[in-house]
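These are the residues of each chain, in order.
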Amino acid sequence: MSMPALSNDSAPQVVPTAVASTSASIVTMTPKQPPKAERYVKMAREAAVRVVPPLIVLALFLLIWELVCRRAGSALPPPSRVFSDTRELIFDPFFDHGGIDKGLFWHLEASLRRVAFGYAIAVVVGVGVGTLIGQSVWAMRGLDPIFQVLRTIPPLAWLPLSLAAFRDGQPSAIFVIFITSVWPIIINTAVGIRNIPQDYRNVAAVVQLNPLEFFAKIMIPAAAPYIFTGLRIGIGLSWLAIVAAEMLIGGVGIGFFIWDAWNSSHISEIILALFYVGIIGFVLDRMIAVVGKIVTRGTATN
C-alpha cells in the first residue's frame, strides 16, 4: 500500500523573518558656551571695574600733590622730584656695598624675614592659647582679663624690655612682632571656638572622637573664619611693628632705612620706602585673605 504523495501546495512553508535591531542613541545637552570674544570682553570689563577707579583716584592724588608741592618753599618734594631723586634705588634695588649700604630689596628682605619668624610663632601660640580659652571656661576666666590688659600696651613699649632680656636687636625685633600680633589671633580663635554649634559637639560625642580628632575635624574647620580674621589683623600689626622697631634697633631693615634717610634729609627716599611698605603690607593681607578663602571655602571675610 503506497502512501499518498504530498503536493507542493500542501507542504508547510517556512517564512524567514528579519529581526531589526534598533540602537537608541543618548543625546547629551551641553550648555551653549558664549563665544571667546564675549568672555574676554566680560573679563576685561570686570577687571576695569576693579582697576580703573583706584587708578583715577591715584592719578588725581598725584596731580594735586604735584601742584601743591611745586610751589617755592614747599617742605615736601613733588612726585616728579621724588622719581628723579630715587631713580637709582628704583631701577637697582639689589646693590650691596657692604654694611648697611644696600639696595631696598635687601632692607625689605630683612624686614620680611623678621616678620615671618615672629608671625609664625604668634600663629602657633595664638591658635593654641585661643583654643584653650575658647574650650575651657576656667581658662577664659583666668587668662582673658590678663590678655585684655597686655594687648593694650603699645608695641614699642615692649622693645626696651626685650632688649634687656635678649641683649640683641634681632631676637628683640622678633619678640616685638610676636607680642604685637598674637593678641588678635588669640581673641578671634577663642571667639570662634565658643561659637561652634552644639550640634557639631553632639555629633563628635556620638562618633566618639578623641580630643585630637575633635580639634582637627570639628574645632579648627568650624572656627576657621574667625581664626583667619585674627590672622589678617595680626599680619598687619606685624608689619607695622617691624617698621617701628627697626628704627630703634638699627641694622638692615626698611625701618632703619627710613630713619637713616631722615637723618640724611633724603625726604624722597623716605617717600619711596613708605610706598614699598604700603604695597607689601597690602600684598601680605591679600595673601592671608586668599588662603583663608581657600581653607574656609569662601566663608572667611574677604
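Residues numbered from 1 in each chain as written. Predicted model: local features only at pLDDT ≥ 70, side-chain atom pairs only at ≥ 80, totals over all residues. Heavy atoms only, no water.

Some points on the nonpolar core
Then, in step 1: Counting 51 residues, the largest nonpolar core has L231, W239, I242 and I254 as the members making the most contacts within it.
Then, in step 2: Those elements that provide at least two residues to this core are helix 4 (104-135), helix 7 (169-194), helix 9 (211-249), helix 10 (254-263) and helix 11 (267-295).
Then, in step 3: In terms of residue count, helix 9 provides more of this core than any other element does, 15 residues in total.
Then, in step 4: Ignoring sequence-local partners within four residues, the contact set of I254 consists of L104, H107, L108, S111, W239, V243, E246, A273 and V277. (Core = buried A, V, L, I, M, F, W, Y, C linked by side-chain atoms within 4.5 Å. Buried < 20%, exposed > 50% of the residue type's maximum accessible area, 1.4 Å probe, protein only. Helix = DSSP H or I, 4+ residues; strand = E, 2+ residues; numbered from the N terminus. Contact = heavy atoms within 4.5 Å.)

Brief notes about the side chain of E66
Then, in step 1: Mapped onto the secondary structure, E66 falls in helix 1 (residues 36-69).
Then, in step 2: Of note is the side chain of E66, whose polar atom sits 2.9 Å from the side chain of S80.
Then, in step 3: Residues within four places of E66 in sequence aside, it is in contact with P78, P79 and S80. (Polar contact = N/O pair within 3.5 Å; in protein donor to acceptor, adjacent residues only side chain to side chain.)

A look at the packing of helix 10 against helix 11
Then, in step 1: Close contact between helix 10 and helix 11 brings their axes to 8 Å; oriented N to C, the two are set at 160°. In terms of axis orientation, helix 10 runs roughly antiparallel to helix 11. In this structure, helix 10 meets helix 11 at a crossing whose hand is left-handed. On the side of helix 10, the interface is formed by I254, F257, I258, A261 and W262, while helix 11 contributes I267, E269, I270, A273, L274 and V277. (Axes fitted to C-alpha atoms, helices over the stretch in contact; angles between N-to-C directions. Parallel < 35°, antiparallel > 145°, perpendicular 65-115°, else oblique. Left-handed = near helix turned anticlockwise from the far one by under 90°.)

Some thoughts on the pattern of salt bridges
Then, in step 1: Scanning all chains against the criterion turns up six salt bridges.
Then, in step 2: The shortest N-O distance in the salt bridge between E66 and R70 comes to 2.8 Å.
Then, in step 3: A relative accessible area of 57% means that R70 is categorised as exposed.
Then, in step 4: With its nearest N and O atoms 2.9 Å apart, the salt bridge here joins D96 to K102.
Then, in step 5: Assessed through its relative accessible area of 42%, D96 is described here as partly exposed.
Then, in step 6: The class of K102 is buried, set by a relative accessible area of 17%. (Salt bridge = Lys/Arg side-chain N within 4 Å of Asp/Glu carboxyl O.)

Side note on a nonpolar patch on the surface
Then, in step 1: A contiguous nonpolar patch, built from V51, L55, L58, F61 and L62 and spanning about 460 Å² of accessible area, is present on the exposed surface.
Then, in step 2: Relative to the elements of secondary structure, L62 occurs in helix 1. (Patch = residues over 30% accessible without salt bridge, like charges linked within 9 Å, V, L, I, M, F, W, Y side chains within 5 Å. Areas by Shrake-Rupley, 256 points an atom, 1.4 Å probe, with all protein chains shown as cover.)

Concerning the packing of aromatic side chains
Then, in step 1: Counting across every chain of the model gives nine aromatic pairs.
Then, in step 2: Each ring, one from F61 and one from W65, has its centre 5.9 Å from the other, and the planes form 45°; the classification is tilted. Placement of both F61 and W65 in helix 1 is noted, with a separation of four residues, approximately one turn of the helix.
Then, in step 3: An angle of 45° between the planes, with centres 6.4 Å apart, marks the rings of F175 and F178 as tilted. With a gap of three residues between them, F175 and F178 both fall in helix 7, about one helical turn apart.
Then, in step 4: In this structure F175 comes out as partly exposed when scored by relative accessible area, which is 22%.
Then, in step 5: Three or more aromatic residues link up through ring pairs in this structure, and these residues are W158, F166, F175 and F178.
Then, in step 6: Lying across the ring of W138, R141 places its NZ or CZ 5.6 Å from the centre. (Phe/Tyr/Trp six-rings, centres within 6.5 Å; stacked < 30°, edge-to-face > 60°. Lys NZ or Arg CZ within 6 Å of the ring centre and 35° of its normal.)

Section: the side chain of R232
Then, in step 1: With respect to the helices and strands, the residue R232 is situated in helix 9.
Then, in step 2: Only 2.8 Å separates the side chain of R232 from the side chain of D285, close enough to count as a polar contact.

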